[in-house]
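Survey of secondary and tertiary structure
As a plain string of letters, each chain reads:
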Amino acid sequence: MGNADYECPRHVEIPPSKSFFKALKSSLKETFFPDDPFRQFKNQPTSRKLVLGLQHFVPIIEWAPRYTFDFFKSDLISGITIASLAVPQGISYANLANLPPIIGLYSSFVPPLVYAMLGSSKDLAVGTLAVASLLISSMLGKVVSPTENPKLYFQLALTSTFFAGAFQASLGFLRLGFVVDFLSHATIVGFMGGAATVVCLQQLKGVLGLIHFTHETDVISVMKSIFSQVHKWRWETAVLGCCFLFFLLLTRYFIGHLKKGLNPPSVSDLAFGSPYLSTAIKTGIVTGVIGLAVGPCVPQYLEGVAVGRSFAAFKNYHIDGNKEMIAFGMMNIAGSCTSCYLTGGPFSRTAVNFNAGCKTAVSNIVMATAVMFTLLFLTPLFHYTPLVVLSAIIMAAMLGLIDYEAVIHLWKVDKVDCIVCLGAYFGVVFGSVEIGLVIAVAVSLLRVLLFVARPRTFALGNIPNSSIYRSIDQYPVANNIPGVLILQIDAPIYFANANYLRERISRWIYEEEDKIKSCGQTSLHYVILDIGTVGSIDTSGITMLEEVQKNVDRKGLKLVIANPRSEVIKKLDKSKFIEKIGQEWIYLTVAEAVSACNFTLHTCKPNPGEIDGNRHDDSV
C-alpha cells in the first residue's frame, strides 16, 4: 500500500460499562435461561400467568383441549404397536438388570402415564433402557448378589431409580441441563459400543444354557466363565436361540411364574437406611445421566432428551430440554414408588412410535393401557418364555449399537475423538462400564483443558488483490507484509493459557526475526495481534498483554491491537492498558492496522521505541 491509499482509521468504540449486578444478571440469564422461557409471561394478567405456568409444567393441560378423534386413531395404532415391543423388551431388560421379569412390565405402565402428562415430546415412547439395565446390574451386583439376597438387591434398584429421578428433576429445575453436554458424541459411540459388546457376551449364558456365570462385566472374566464350562454348553439352546420362533416350547429353561396384577406400591422398599445407600446414589446418578443424554448426535444412540429433540426436528416443533429432564425425573421418582426401575426414552421404541404415525403423547397412554391389560390377564402366558429367547432379544437389540462405521468416520475426521471413542470402548470391554465412562469423560475433559491451555495462534497474510487477511498455513498465496508480523489468537485469554501465549508470541517474533535476517529482508517493526476471536479475557490475560508489550518495546518494536471484541476492550480500558499502548495503536480491522503501520514506515515517522531510546537496531 502506498501513502495515497491510506485513510484515517475508524475509532474503536469502548461500550458503556454495566453495573456488576446487571452484568451478573445478564451472564446468569445466558447460562441458565438461553431459551428465555419466561417471555410468554410478559405483559400478561395474573390469571393468565397462572394458566401459562400450569401449561408450562403440565403440558397435557395445554394440548388436551385441542385433541381430536383423528389424532386418537393414529395414537391408538402407535400405542398398540409400541406395546407389542414393550412387553418382550421389558422382560428382557429386567432380566439383564437381574430383576424379576414382572418389574420390566411394571416399568412400562406407570412411567409412561407420568410422562404423558409432563413431557413435551409428541413422539418419545417411554421404556426401560438396555445400557441403564446393564449399569444397574454391574454397579449394584458388586455389593449385593441378586441371587443370594434378591430382596435387598431389588430395594437398592428401586432406591437408585429414586435418586436417578431426583437427580434428573434437579437438573431440570435448576436449569443445569448443560451438565450432560460433557458426554461427547465420541464418548457415547465408544461407551455404547462397549456396553453392547459386554451385554452380547453376557447373553451367551442363556444361549449356551449355562447355570453358573460370572457377575463381572469385563470380557476376560466373561470369556473365562464361558470356556471354563465347555462341558456344560448346551448346543440345542444355541440352535434354539437362532430360530426360537420354531422351537419356542422345546427349551428347558424358563423365566418363572409371572403373577397377575398391577404395580404394587414400593415406597417402603426404598432402602434409605441401607449400608449400601452410597452405591445406590452413585448408581442413580450415573444411570440418570445415561438415561438423559446417551448419544446426543447420532440417531442410533439417541436416548432420553436427545431422542425427543431428534424426532421433534422432523415435525418442526420445539422441545424444552430442562422440562424434559423434569418429566423424566418425576416419572422415575413415581416409578421407584410403584415397583419400577429406571426408564427413559429408548430410541428403538421411539422410532417405532414415530413411524407408526403417533400424533401426541397419548400413544404412551395407549401403551400403558395395553401393558395394564397384559398385567391383569396375560402374564401367565409368559411363564413359558425361555431364557434363550430373552437372550436373543437382547443380543438383537445390542448388535445395532455397535457402529464400526462411526468409528471409521471419527478416525477420518478427528483422530483425537476416535481415541476418546476407543478409550471408552476398551474401558468398558476390558474393565467395567464405570471405568469406560470415567476414561471417556476424563479424556474428553483433558481435551477441553488442552484446548483452553494451549490455544492456536496463526500468522496472517494478505490475500492478493484484497484487504482480507487469513492464515498463511491455510492460504499459501497470502502475502507477508514487510516489516509487520500479524498474529491471530484463536481462543479466550485466561489464566490457564496466559503464560503459554506470552511464550508463543515471543517465539513467533524470534522466528520472524531469524527468517528476516536469513533472507535479508526489511527489519521487523510492528507486531499486530488480531484478537477478533478472543471473546473474553481475565486479569491474567491482561497482564500477559502488558508483558508482551514490554517485551516488544525492549526489542524496539511496536505492539498493535486489531479487532477487539466488546468485553475485551472494556476490560483493557478499565485496566489502563489502552493508555499504556496508546489509543492510536488500536484498530477496528487488521487491514486498517496494516495500513497505519505501512503509512508510518513509508513516511519515516519515528517508532515509539526510537523516541524512548530503546531501539536496538538501525532500521527505520
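Because the structure is predicted, anything quoted here is derived from the model rather than measured.

Examining the overall build of the protein chain
Within the protein chain, the regular secondary structure consists of 27 helices and 8 strands. When the accessible surface of the protein chain is totalled, it reaches about 28900 Å², and 63% of it is carbon and sulfur.

Quick look at the environment of Ile60
Summarising the element assignment, Ile60 is placed in helix H3 (residues 60–63). Expressed as a C-alpha distance, the spacing of Ile60 and Ala361, which sit 301 residues apart in the sequence, is 8.5 Å. Excluding residues that lie within four positions of it along the chain, Ile60 makes contacts with Pro65, Ala116 and Met117.

Re the sheet that holds strand E4 (residues 469–471)
The sheet built from 6 strands is open, its strands ordered E4-E3-E5-E6-E7-E8 with mixed pairing. Strands with a single pairing partner mark the edges of an open sheet, and in this sheet they are E4 and strand E8 (586–587). Pairing between strand E5 (residues 484–489) and strand E6 (residues 526–530): 5 bridges, direction parallel. When the sheet's bridge partners are listed, Ile486 is paired in E6 with Ile528. Its contacts with the sheet place helix H26 (residues 590–602) against E4, E5, E6, strand E7 (558–562) and E8, and it is angled at close to 170° to E6.

What about helix H15 (residues 321–336)?
In this model, H15 (16 residues) spans 22 Å end to end at C-alpha, consistent with the 22 Å of a helix rising 1.5 Å per residue. With 14 of its 16 residues buried, H15 lies for the most part within the structure.

Examining the side chain of Asn332
Mapped onto the secondary structure, Asn332 falls in helix H15. By relative accessible area, Asn332 is classed as buried at 1%. Side-chain polar atoms of Asn332 contact the backbone nitrogen of Thr343, separated by 3.0 Å. Those residues in contact with Asn332 that lie beyond four places of it in its chain are Thr161, Gly165, Gln168, Tyr341, Leu342 and Thr343.

Examining the confidence of the model for the protein chain
Mean pLDDT for the protein chain: 79, with 80% of residues reaching 70 or above. Per-residue pLDDT stays below 50 along residues 244–254; that stretch engages in 24 contacts with residues further than four places along the chain or on separate chains. Low pLDDT, under 50, characterises residues 294–304; the predicted model gives this stretch 43 contacts beyond four residues in sequence or across chains.

With respect to the packing of helix H4 (residues 69–96) against helix H17 (residues 362–378)
At a minimum axis distance of 7 Å, the contact between H4 and H17 shows a crossing angle of 50°. The angle between H4 and H17 places the two elements in the oblique class. The chirality of how H4 crosses H17 is right-handed. Residues Phe72, Asp75, Leu76, Ser78, Gly79, Ile80, Ile82, Ala83, Ala86 and Val87 of H4 touch H17, and the partners they reach there are Val362, Ser363, Val366, Met367, Ala370 and Thr374. Classifying every residue of the contact of H4 with H17 by side-chain character gives 11 nonpolar, 4 polar and 1 charged.

Side note on H17
Every α-helical turn comprises 3.6 residues, leaving residues that sit three or four positions apart pointing alike. For H17, which comprises 17 residues, the first-to-last C-alpha distance of 23 Å matches the rise-based estimate of 24 Å (1.5 Å per residue) to within 8%. Among the residues making up H17, those that are buried are Val362, Ser363, Asn364, Val366, Met367, Ala368, Val371, Thr374 and Leu375.

A word on the state of the cysteines
Evaluation of the coordinates by the stated rule reveals 0 disulfides. Unpaired in terms of disulfides, Cys421 finds its nearest cysteine sulfur in Cys418, a separation of 6.0 Å.

Concerning the packing of aromatic side chains
For the structure shown, the criterion picks out 10 aromatic pairs. On the numbers, 6.1 Å between centres and 55° between planes, the contact of Trp63 with Tyr67 is tilted. Taking the relative accessible area as the measure of exposure, Tyr67 reaches 24% and is therefore partly exposed. Both rings, one in Tyr115 and one in Phe328, keep their centres 5.8 Å apart while their planes meet at 85°; by these two values the pair is edge-to-face. Of this pair, Tyr115 sits in helix H6 (residues 110–118) while Phe328 sits in helix H15; the two residues are 213 residues apart in sequence, bridging distant segments of the chain. The pair formed by Tyr115 and Phe328 is uniform in burial state, with each residue classed as buried. The lysine or arginine in question, Lys415, covers the ring of Trp411, its NZ or CZ lying 4.8 Å from the ring centre.

Comments concerning the pairing of E6
Within E6, 5 of the 5 residues are buried, which leaves the element mostly enclosed by the surrounding structure. In E6, alternate side chains face the same way, and those of Tyr526, Ile528 and Asp530 on one face and Val527 and Leu529 on the other are all buried. As for the winding sense of the linkage, the β-α-β connection from E6 through helix H23 (residues 539–554) to E7 is right-handed.

Points about the nonpolar core
One finds Leu99, Leu135, Phe191 and Tyr341 to be the most contacted residues of the largest nonpolar core, which totals 68 residues. Not counting residues within four places of it along the chain, the set of residues in contact with Leu135 comprises Leu140, Phe191, Val286, Thr287, Ile290 and Val433. One finds Leu545, Leu559, Ala562 and Ile569 within the second-largest nonpolar core, a separate group that totals 52 residues.

Things to note about a positive patch on the surface
Residues Lys18, Lys22, Lys25 and Lys29 make up a contiguous surface patch of positive charge. The topology assignment puts Lys22 in helix H1 (residues 20–32).

Side note on the pairing of E5
Across the 6 residues of E5, 6 count as buried, placing the element largely inside the fold. Of the two faces of E5, the one carrying Val484, Ile486 and Gln488 and the one carrying Leu485, Leu487 and Ile489 are both buried. Pairing between strand E3 (residues 457–462) and E5: 3 bridges, direction antiparallel. Each residue of the ladder has a partner; that of Thr457, found in E5, is Ile489.

A look at the pattern of salt bridges
The final tally for this structure, using the stated rule, is 10 salt bridges. Note that Glu62 and Arg66 form a salt bridge whose closest N and O atoms lie 2.6 Å from each other. Classification of Glu62 by relative accessible area gives partly exposed; the value is 33%. Among the salt bridges present, the one from Lys570 reaches Glu567, with a minimum N-O distance of 3.3 Å. Here the residue Lys570 and the residue Glu567 both occupy positions in helix H24 (residues 566–574), the gap between them amounting to 3 residues, near one helical turn. Judged by relative accessible area, Lys570 falls into the buried class, the value being 11%. Given a relative accessible area of 41%, Glu567 falls into the partly exposed group.

Calculation rules
- Going along each chain's sequence as written, the residues are numbered from 1 onward.
- Reporting of local features is limited, given that this is a predicted model, to residues whose pLDDT is at least 70; pairs of side-chain atoms are given and counted only at 80 or more, and all residues count toward the totals for whole chains, interfaces and linings.
- Note: side-chain values were computed over all heavy atoms of the structure, leaving out hydrogens and water.
- The helix and strand labels rest on DSSP assignments: H or I over at least four residues marks a helix, E over at least two residues marks a strand, and numbering proceeds from the N terminus.
- Exposure was quantified through the Shrake-Rupley algorithm and a 1.4 Å probe, taking into account, for residues, occlusion by the shown protein chains and nothing else.
- Only heavy atoms matter for contacts: two residues are in contact if any of them lie within 4.5 Å across the pair.
- A pair of strands is considered paired only if DSSP assigns at least 2 bridges between the two.
- Angular values range over 0 to 180 degrees, each being the angle between N-to-C directions of two axes fitted as lines to C-alpha atoms, with helices fitted over their stretch in contact.
- Given the number of residues in a helix, its expected span is that number minus one, multiplied by 1.5 Å.
- Only protein chains enter the area calculation, which uses a 1.4 Å probe; residues under 20% of their type maximum are buried, those over 50% are exposed, and those in between are partly exposed.
- Here a polar contact means two N or O atoms within 3.5 Å. Within protein one must be a hydrogen donor candidate and the other an acceptor candidate, and residues neighboring in sequence count only if both atoms are side-chain atoms.
- For every residue, the predictor states its confidence as a pLDDT score lying anywhere from 0 to 100.
- Note on terminology: angles under 35 degrees are roughly parallel, angles over 145 are roughly antiparallel, angles of 65 to 115 are roughly perpendicular, and the others are oblique.
- Should the near helix be turned counterclockwise from the far one by less than a right angle, the crossing is left-handed, whereas a clockwise turn marks it as right-handed.
- Gly is put with the polar residues, along with every residue not named as nonpolar or charged; the nonpolar set is Ala, Val, Leu, Ile, Met, Phe, Trp, Tyr, Cys and Pro, and the charged set is Asp, Glu, Lys and Arg.
- Counting rule for disulfides: a pair of cysteine sulfur atoms within 2.5 Å.
- Aromatic pairing here means that ring centres of Phe, Tyr or Trp (its six-membered ring) are within 6.5 Å. Orientation follows from the plane angle: under 30 degrees is stacked, over 60 is edge-to-face, and everything else is tilted.
- Consider the ring centre and the ring normal. A charge sits over the ring if Lys NZ or Arg CZ is within 6 Å of that centre and within 35 degrees of that normal.
- We call a crossover right-handed when, viewed with both strands directed away from the observer, the connection leading from the first strand over the helix to the second proceeds clockwise.
- For this analysis, a nonpolar core means a set of buried residues of the types Ala, Val, Leu, Ile, Met, Phe, Trp, Tyr and Cys, connected via side-chain atoms within 4.5 Å.
- Patch membership requires more than 30% relative accessible area and the absence of a salt bridge. Residues of like charge join within 9 Å; the nonpolar side chains Val, Leu, Ile, Met, Phe, Trp and Tyr join within 5 Å.
- Salt bridges are identified by distance alone: a Lys or Arg side-chain nitrogen within 4 Å of an Asp or Glu carboxyl oxygen.
- A residue counts as positive if it is Lys or Arg and as negative if it is Asp or Glu; His and the chain ends are not included.
- Taken as the charge centre is NZ of Lys, CZ of Arg, CG of Asp or CD of Glu, depending on the residue.

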